[in-house]
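Summary of the model geometry
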Amino acid sequence: MSDTFSQRRLTLAGALKALNACIAKAEAMKVPQCIAVTDDAGHLLAFARMEGSKVLSIESSTAKARTAASSRVQTGSIHAEVGVKLAIATGGKLTNLKGGVPIVIDGQVVGAIGVGSGTGEQDREVALAGVAAVQGAYVG
Amino acid sequence: MPDTGPVKPERHHSVCPHDCPSTCALAVERLDARTIGRVYGDPDNAYTAGVICAKVARYAERTHHPDRLKVPLRRSGPKGSGRFEAISWEQALDTVAEACLRAEQKHGSQAVWPYFYAGTMGLVQRDGINRLRHAKKYSGFFQTICVNLAWPGFIAGTGALRGSDPREMAESDLVVIWGTNAAATQVNVMHHATRARKERGAKIVVIDPYRNATAETADLHLMLRPGTDGALACGVMHVLFKEGFADRAYMARYTDVPDELERHLESRTPAWAAAITGLPVQEILDFARLYGRTKRSFLRLGYGFTRSRNGAVNMHAASCLAAVTGAWQHRGGGAFHNNGAIYHWNKTMIEGLDVVDPSIRLLDQSRVGAVLTGDRRDLGDGPPVTAMLIQNTNPMVVCPDQNVVRAGFSREDLFTCVHEQFLTETALMADIVLPATTFLEHDDLYQGGGHQYIQIGRKLIEPVGEARENHYVIRELARRVGASHPGFAMTAWELIDWTLKASGWPDAATLAAGKWHDCQPDFEHTHYLNGFKHPDGKFRFAPNWSRVGKQAAGMPRLPDHWEVIETATDEHPFRLVTAPARNYLNSSFTETPTSIAREARPTVMIHPEDAGALGIVEGGLARLGNRRGSVLLHARLFDGVQRGVIVSESVWPNRAFIEGKGINTLTGADSPSPNGGAAFHDIAVWVRGENAPAARAAAEQIPA
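Residues numbered from 1 in each chain as written. Chains lettered and ligands numbered in written order. Predicted model: local features only at pLDDT ≥ 70, side-chain atom pairs only at ≥ 80, totals over all residues. Heavy atoms only, no water.

1. Concerning the overall build of chain B
Which entries qualify depends on this criterion: The numbering of helices and of strands both runs from the N terminus, where a helix is a DSSP run of H or I of at least 4 residues and a strand a run of E of at least 2. Between the two quantities, the radius of gyration covers C-alpha atoms and the globule rule is 2.2 Å times the number of residues to the power 0.38. Buried residues are those whose accessible area, probed at 1.4 Å on protein chains only, stays under 20% of the maximum for their type, while exposed residues exceed 50% and partly exposed ones sit between those limits. In this description, contact between two residues means that some pair of their heavy atoms is separated by no more than 4.5 Å. Per-residue accessibility takes into account occlusion by the displayed protein chains alone, with areas from the Shrake-Rupley method and a 1.4 Å probe. We count Lys and Arg on the positive side and Asp and Glu on the negative side, and we leave His and both chain ends out. Throughout, a charge is located at the NZ atom of Lys, the CZ atom of Arg, the CG atom of Asp or the CD atom of Glu.
Helix and strand content of chain B: 27 helices and 25 strands. Since a compact globule built from 704 residues should have a radius of gyration of about 27 Å, the 25 Å found for chain B is in line with a globular shape. Within chain B, buried positions represent 65% of all 704 residues. If you take every contact in chain B between residues at least 6 apart in sequence, the share linking residues at least 24 apart comes to 75%. Roughly 24200 Å² of accessible area belongs to chain B as shown, and the carbon and sulfur atoms make up 51% of that amount. A distance of 1 Å separates the average location of the 77 positive side-chain charges in chain B from that of its 77 negative side-chain charges.

The following block contains the structure:
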C-alpha cells in the first residue's frame, strides 16, 4: 500500500470556464443565480453573484458545491430527515438542497459546482451546464 | 432541322431485387425486347425519391454481361476445375432429379438440402424453393447469415420489428447512423438524412469503427473499436440519467425497469465506456449531450454493428437510448432498423406452409462447412447431406470458415446443383449448373425491409440465352421427384396474385398498375405510443432473451458490454472488420467491370503506425491469419481506424486474392447468441508484412 496518492484537481482556468458557462445558461434561462465552483476538497475557486440573485444564496450555493465535492454525488438525494441531521452535525456545511454537482474526470472528482437562487431543478440545470464546459468532465 | 429527334427509350417500372433494405422502385429503360438501357430511381416513390446506387444504375452491364450463364452445364473434370460441357435443360433437370431421388433412397429425404438466400429478395423466386423442401421433407434451411443477430436485438426491447417511418428521418434534428455505411450500401438513408440537414439544420452522427464514406459526411464520427457499441450506449445512457435528459415520466409509463437500469448504469461511466471503446471521453459526452437535448433524434440502427458475437446485446443497448429520453414521442424521433412486422403475408402457396413437417431437421446456413463435413453438432442423428440444390447465394465465398466450407463442397459423394446468373465459385464446385434469369427477365413480388412499400417487378425483357426463372426450376424438379402441391401448378404471376389476395393486399393487376402499395401504419403505432409489443406494453430494458432465441443462456440482463467477442490477444493482436465494399453487394456485382475497376483489388486498411511497426508499406503485401487460416492481400495505410483495428472491404471472390483464399477464411462459424448468425466483423487476427525483409524476419519469430 502506498503512503500517498495523486489527485487531479480543477484549475482556476477550468473553474472560470465552468463559471462562465453557468452564467451563460442562467442568462438564457432568465434566472439570476449565485454560482460557486470549488476544488475536489470543497475549497472555493471561483464565485459569481449575478444581478437579481438572492444574497443568502451566496451561502447556499457554496454549501451545495462543498456538499457535492465531499459526497461525490449530486445534492438532493439524501432522505429529508437524515439531511437535516447531517446539516446540523456539520455545522451547516452540508446541505441537501438541489443544485450541487460534482465534476468528474476519468472517475475522479476534481471539483464541484453549487448554484442557488432558482428552483432546485433550475439550479441543477445551470450547474450541469458548467460541468459540460470542462474538457472531458461529466457529472458524478 | 430533322423532323424527329432521337427516340427516347421507353421506361418501365421495376424493383431492385438485391440484398439491401432499400428495395428501390426503379424506372428501367427498355431498348428492345432483349435489351435494357440505363436504370433510374423512381422519383414518385417517397422512399426511393429518384435516388439509386451507381451499381444498379449501370445494371445493363450486369444483365448483358458476356459472362452470363446461357446454357445448362455438366461437370466434365474434377470438382472446382471449371471444366464443364453444355447440355440441354431436359438432361440437366433429369440429372438433378435423379441425384435427389438417389440421395433420398439411400439416406432418406433429409439427405437433400435445398440452400438459397437473398441474391434475389423476390418472394416467389427466392422462397419457392421452400415449397419443394416442405413437399419432399428435405432438410430445412435455418437462415442465419444476415439478420439473426440484429433482429432479435431490436425485438428484445420493442417487442416488434418495426419503428419510426424511415422517411421521417428528413424531419429529424439529429440523425444517428449507427453501424451502417449507408453512403456505400443504402444510399437512400443518406438522401433522407441530408434532407434533414439542409431543411432543418439537423446534425448527423455516425458510429462506426472506420472513417467510411458515411462517416466522412458526419458532424460527429464516433470511431469506436468493433464490438463495443454496447459499452458506448451504456456510457451515453449514464450521462442521460446523470444530466437530466432521461424522461422519467415517459419511462414510468412505457418501460419496464428504469430504476434498475439507472442503478446498473451508475458504474458504466463515460470513462468506463472510453476504456472499452477507445473513444475519447469528450466525444462520448458530446454525443450524449447532443442526443439528450435533441427531442427529434432518429436512431438509424444498421446491421453492421451486430455482426459480432455480442451483436444482439449491442443492438438492444443502442435501441434503449430512445426509450430513456422518450424520443419515440416526437415526430422525426425514435428508432428504425427494419419494417418486417408491418407486413402481413400469407405465404402458404409460395412456401408450401400447409405441408410443413416440424420433425424435419433444420441445418444452419452459416455452418454449411460444418454440415457438409459431417459435424454431428449440426447433423444430429440424421443422415449426411449428399445432394444440394443452391439458388441465389454463393456460400463458397460468403460463408464463414472458408477452409471448412471448401472441404465440404469438395466431397466426391456430394451432388451439387447450382442455379445461378454467373459461374460463381460455388457454381464452379457444382455437378450441374443451370442458368438463371435476372429480375428483369421474370415476374416477382417484393417487400421493402428498409421502407414500407410492397411492389411487383414484371418481366421486361426476354431471358438471356436459355436462362430460366427459379420458379421454373422448382416446378420441373417437383414434377420429376414426385412432389405435389398446388403451388407447383401455378405460374409465378398466379402465385403473386394468390399471395396478395390471401394476404389482404391489392391483387396483382391493381398493385402492378399502381406500381406500389404503401403499407405504413399510423404514427401512434410506429412510435409505440399505444404501447410496446409486449403484454404490458412496456419497452424492455431487461429483455427476456429466451423469447427471441434458443441460445440465450448467459446473456446479460441489462444493456452492457458483453465480453464474448474475439478480443485482441498477444497471439492475435488485431481486430478485423470485413465491411461491405461500395461497388459490390455481398458477392454480387463482383463480375461487373466498372465495379471491379473501382474496387481495384482485395485490400486491408491498416493504421500507418501499426503498418510502420510491422514493416508494411503502402501497396505492399500483408498476410492476415488466425487459427482458421491465412489470406494474402495488399495493404493501404489509413488513419481512419483506431490502432489495432483493420478493415478489408468485401466480399471479393476468393480468386481475386493472391493465393485464392478469400477473407472469410478468417471468419468464425461458431453460432452466436441468442439465435445463431455470422460474426463477420468480430475476428481476431495476426498481421505480417510479406515483402519487407525486416518484417519477414520478425514474423518468423512468431509462432503461427
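Anyway, onward from the coordinates.
2. Focus: the sheet that holds strand E2 (residues 44–49) of chain A
Strand-to-strand pairing in sheets goes through backbone hydrogen bonds, with the strands running parallel or antiparallel. Residues and elements named next belong to chain A. The cut-off we apply is this: Pairing between strands requires that DSSP locate at least two bridges from one strand to the other.
With antiparallel pairing, the 5 strands of this open sheet are ordered in space as E2-E1-E4-E3-E5. The two strands at the open ends of the sheet, each matched to only one other strand, are E2 and strand E5 (138–139). Pairing geometry for strand E3 (residues 100–105) and E5, over 2 bridges, is antiparallel. Among the inter-strand pairings, valine 104 is bridged to a residue of E5, identified as tyrosine 138.

3. Concerning the nonpolar core
Note that soluble globular proteins tend to have their nonpolar side chains buried in a common cluster. All names here are of chain B. Stated precisely, the cut-off is as follows: The criterion is simple. A nonpolar core is a set of buried Ala, Val, Leu, Ile, Met, Phe, Trp, Tyr and Cys residues joined through side-chain atoms within 4.5 Å.
In this structure, Leu132, Trp178, Phe287, Tyr291, Leu321, Met388 and Phe409 are the most contacted members of the largest nonpolar core, which totals 135 residues. Looking at which element gives the most residues to this core, the answer is helix H15 (residues 311–325), with 10 residues. Filtering out sequence-adjacent residues up to four positions away, phenylalanine 409 remains in contact with Lys79, Val368, Leu372, Met388, Ile390, Pro395, Met396, Leu414, Thr416 and Met429. Ile36, Leu440, Phe589 and Val604 belong to the second largest nonpolar core, which has 40 residues in total.

4. Quick look at the layout of surface pockets
The cut-off we apply is this: Put plainly, a pocket is an open set of points on a 1 Å grid over the protein atoms alone with protein on both sides within 12 Å along at least five of seven lines, a cavity is a set where a 1.4 Å probe fits but cannot get out, and a lining residue has an atom within 4 Å of a point. Grid points are joined across faces, edges and corners, and a volume is the space filled by probe spheres set on the points. Residues were grouped as follows: Ala, Val, Leu, Ile, Met, Phe, Trp, Tyr, Cys and Pro as nonpolar; Asp, Glu, Lys and Arg as charged; and all remaining residues, including Gly, as polar.
Looking at the second largest pocket, its volume works out to about 520 Å³. Residue lining of the second largest pocket: 21 residues in total, with Lys25 and Glu125 of chain A together with Glu243, Phe245 and Arg293 of chain B positioned closest to the centre. When residues of the lining of the second largest pocket are traced back to their parent elements, those giving at least two are helix H4 (120–132) of chain A together with helix H14 (281–293) of chain B. Ranked by the residues each element gives to the lining of the second largest pocket, the list is headed by H4 of chain A, at 6 residues. For the lining of the second largest pocket, the class distribution of residues is 5 nonpolar, 7 polar and 9 charged.

5. Section: the pairing of strand E15 (residues 415–420) of chain B
Residues and elements named next belong to chain B. Of all 6 residues that make up E15, 6 are buried, and the element is covered over most of its length. What you see with E15 is no split at all: Phe415, Cys417 and His419 on one side and Thr416, Val418 and Glu420 on the other are buried throughout. Alignment of strand E14 (residues 387–391) against E15, held across 5 bridges, turns out to be parallel. Residue pairing in the sheet places alanine 387 in a bridge with phenylalanine 415 of E15. Bridge analysis of E15 against strand E16 (residues 432–435) gives 4 bridges, and the strand direction is parallel. Paired with cysteine 417 across the strands is isoleucine 432, a residue of E16.

6. A closer look at the domain arrangement of chain B
All names here are of chain B. For clarity, the cut-off: Boundary definitions for the domains trace back to an automatic or database domain assignment. Accessible area that two parts lose when put together, with a 1.4 Å probe and added across both, is what the buried area reports. Any carboxyl oxygen of Asp or Glu that lies within 4 Å of a side-chain nitrogen of Lys or Arg is treated as forming a salt bridge with it. By the criterion applied in these results, polar contacts are pairs of N or O atoms within 3.5 Å in which, for protein atoms, one can donate a hydrogen and the other can accept it, and in which residues neighboring in sequence qualify only through two side-chain atoms.
Taken domain by domain, chain B consists of domain 1 (10–63), domain 2 (73–145 + 343–438 + 466–492), domain 3 (150–337) and domain 4 (574–700). A C-alpha centroid distance of 29 Å is found between domain 1 and domain 2. Facing 7 residues of domain 1, the contacting portion of domain 2 comprises 8 residues. Summing both sides of the interface, domain 1 and domain 2 together bury roughly 590 Å²; the carbon and sulfur share of this comes to 49%. Of all residues in domain 1, the largest losses of buried area upon contact with domain 2 belong to Pro17, Asp19 and Arg62, amounting jointly to 71% of the total for that side. The tally of links from domain 1 across to domain 2 stands at 0 salt bridges. Counting the contacts that link domain 1 with domain 2 gives 2 residue pairs in polar contact (both at pLDDT 80 or more). Taken together, the residues of the side of domain 1 that touches domain 2 break down into 3 nonpolar, 2 polar and 2 charged.

7. Structural notes on the pattern of salt bridges
Where side chains of opposite charge bring their charged atoms close, a pairing between them can arise. Throughout the structure, instances matching the rule amount to 55 salt bridges over all chains. A salt bridge links arginine 124 of chain A to glutamate 121 of chain A, with the nearest nitrogen and oxygen atoms 3.7 Å apart. Of the two residues, arginine 124 of chain A and glutamate 121 of chain A are both situated in helix H4; the distance of 3 residues between them amounts to about one turn of the helix. Residue class for arginine 124 of chain A comes out buried when judged on its relative accessible area of 14%. Residue glutamate 121 of chain A is classed as partly exposed on the basis of its relative accessible area of 41%. Across the pair arginine 557 of chain B and glutamate 260 of chain B runs a salt bridge whose closest N-O atoms are separated by 2.7 Å. Taken together, the residues arginine 557 of chain B in the loop between helix H24 (523–526) and strand E20 (574–577) and glutamate 260 of chain B in helix H12 (residues 258–265) connect sequence positions 297 residues apart. Looking at arginine 557 of chain B, the relative accessible area reads 49%, which means it is partly exposed. Given the relative accessible area of 22%, glutamate 260 of chain B is considered partly exposed. One network of salt bridges, in which partners are shared, links Arg309, Glu566, Arg575, Arg628, Asp670 and Asp682 of chain B.

8. Overview of helix H2 (residues 57–71) of chain A
All names here are of chain A. To be explicit about the condition: Take the residue count of a helix, subtract one, and multiply by 1.5 Å to get its expected span.
Along its 15 residues, H2 runs 20 Å from first to last C-alpha, staying within 8% of the 21 Å computed at 1.5 Å per residue. Buried residues in H2 make contact with strand E1 (34–39), E2, E3, strand E4 (108–116) and H4. Following H2 by one or two positions, arginine 72 adopts a phi angle in the positive range, close to 65°.

9. Observations concerning empty space enclosed by the protein
All names here are of chain B. Inspection of every chain in the model, using the stated rule, returns 2 cavities of 30 Å³ or more. Put simply, the largest cavity is a space of about 160 Å³. What lines the largest cavity is a set of 17 residues, among which Cys20, Ser22, Cys24, Cys53 and Val56 lie closest to the centre. Mapped onto the lining of the largest cavity, the elements with two or more residues apiece are helix H1 (54–57), helix H7 (182–185) and helix H8 (187–200). Counted by class, the lining of the largest cavity contains 10 nonpolar, 6 polar and 1 charged residues. Every residue lining the second largest cavity is listed: Cys100, Val112, Leu132, Tyr138, Leu389, Leu477 and Val481.

10. Details of the sheet that holds E16 of chain B
Residues and elements named next belong to chain B. Our working rule: Lines fitted to C-alpha atoms define the axes here, with helix axes fitted over just the stretch in contact, and angles between the N-to-C directions of these axes take values from 0 to 180 degrees.
Spatially, the 6 strands line up as an open sheet ordered E5-E4-E16-E15-E14-E6, and their pairing is mixed. Every interior strand has two partners, whereas the edge strands, strand E5 (84–86) and strand E6 (112–116), have only one. Direction aside, the axes of adjacent strands within the sheet are offset by 20° on average. Sheet topology places strand E4 (residues 73–75) next to E16; 2 bridges connect them, and they run antiparallel. Paired with leucine 73 across the two strands is valine 433, which belongs to E16.

11. Details of the packing of helix H13 (residues 270–277) of chain B against H14 of chain B
Residues and elements named next belong to chain B. Rules: Here the word oblique covers every angle except those under 35 degrees (roughly parallel), over 145 (roughly antiparallel) and from 65 to 115 (roughly perpendicular). By convention the crossing between two helices is left-handed if the near helix lies anticlockwise of the far one by an angle smaller than a right angle, and right-handed if it lies clockwise.
With their axes 8 Å apart at the nearest point, H13 and H14 run at an angle of 120° to one another. The angle between the axes of H13 and H14 places the two elements in the oblique class. Viewed along their axes, H13 and H14 form a crossing whose handedness is right-handed. Seen from H13, the contacting residues are Pro270, Ala271, Ala273, Ala274 and Thr277; seen from H14, they are Val281, Ile284 and Leu285.

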